[in-house]
Amino acid sequence: MEERLKSYIRKMEAQSVQWERQGEDAMTEQEKKRQLEDLLIQISFFQHERLVHLIVTVIFALLTMLAIVGTLIAPQPALFILIVFLLILLIPYIRHYYILENGVQKLYQYYDKLVS
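What counts and what doesn't
Sequence order sets the numbering: in each chain, residues are counted from 1 along the sequence as written. Under the rules for a predicted model, residues below a pLDDT of 70 receive no local features and side-chain atom pairs below 80 are neither given nor counted, while totals for whole chains, interfaces and linings still include all residues. As a rule here, side-chain values come from all non-hydrogen atoms in the structure, and water together with hydrogens is ignored. Numbering of helices and strands starts at the N terminus; helices are DSSP runs of H or I of at least 4 residues and strands are runs of E of at least 2. Note on classification: 1.4 Å probe, protein chains only; a residue is buried when its accessible area is under 20% of the maximum for its type, exposed when over 50%, partly exposed between these limits. Here, two residues are considered to be in contact whenever any of their heavy atoms come within 4.5 Å of each other. Each axis is a line fitted through C-alpha atoms, taken for helices only over the stretch in contact, and angles between the N-to-C directions span 0 to 180 degrees. Angle categories: roughly parallel below 35 degrees, roughly antiparallel above 145, roughly perpendicular from 65 to 115, and oblique for all the rest. In this scheme the handedness of a crossing depends on how the near helix is turned from the far one: anticlockwise by less than a right angle means left-handed, clockwise means right-handed. Each residue gets one label: Ala, Val, Leu, Ile, Met, Phe, Trp, Tyr, Cys and Pro are nonpolar, Asp, Glu, Lys and Arg are charged, and the others, such as Gly, are polar. Only buried residues count toward a nonpolar core. Its members are Ala, Val, Leu, Ile, Met, Phe, Trp, Tyr and Cys residues joined through side-chain atoms within 4.5 Å.

Now for the side chain of His 96. Position of His 96 among the secondary structure elements: in helix α3 (residues 77-115). Residue classification places His 96 among the buried residues on the basis of a relative accessible area of 14%. Residues within four places of His 96 in sequence aside, it is in contact with Glu 2, Glu 49 and His 53.

Put into structure tokens, the structure is as follows:
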């Protein structure tokens, strides 16, 4: 999904540069409407993906915190291993969510350019 988002942002960036070169009257209302519909569909796909990853990231963060608290209460080697495992998974989840969040925000900017 990350590559798809980056690819779509590159496409929108190229189109945005083209729109700026041609001026506001370069697109007909029908083309503009089609672009907006396509952009809204893509935004909804990426928003859904972002929501799913937010839920997964929060669950992993909570599990990590519970494991840390559990280790403080009753230190056991299995809990230390669990914490390491959860942190190894949590870091890529946070990175991926960060990319999705920033990508969707960028798509919102393109939407605002099209609407205005």
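The rest of the description comes next.
Let us now look at the packing of helix α1 (residues 2-22) against helix α2 (residues 29-73). Interaxial distance between α1 and α2 falls to 12 Å at its minimum, and their mutual angle equals 155°. Judged on the interaxial angle alone, α2 and α1 are roughly antiparallel. With respect to the hand of their crossing, α1 and α2 are arranged in left-handed fashion. The residues of α2 that touch α1, namely those facing Arg 4, Leu 5, Tyr 8, Lys 11, Met 12, Gln 15 and Trp 19, are Gln 35, Asp 38, Leu 39, Gln 42, Phe 45 and Phe 46. Considering only residue class, the contact of α1 with α2 consists of seven nonpolar, three polar and three charged.

What follows is about the nonpolar core. Counting 16 residues, the largest nonpolar core has Leu 5, Met 12, Leu 39 and Leu 107 as the members making the most contacts within it. The set of elements that each furnish at least two residues to this core consists of α1, α2 and α3. The biggest single contributor to this core is α3, with six residues. For Met 12, the contacting residues outside a window of four places in its chain are Trp 19, Leu 39, Leu 107 and Tyr 110. Within the second largest apolar cluster, five residues are counted, among which are Phe 60, Ala 67, Ile 83 and Leu 86.

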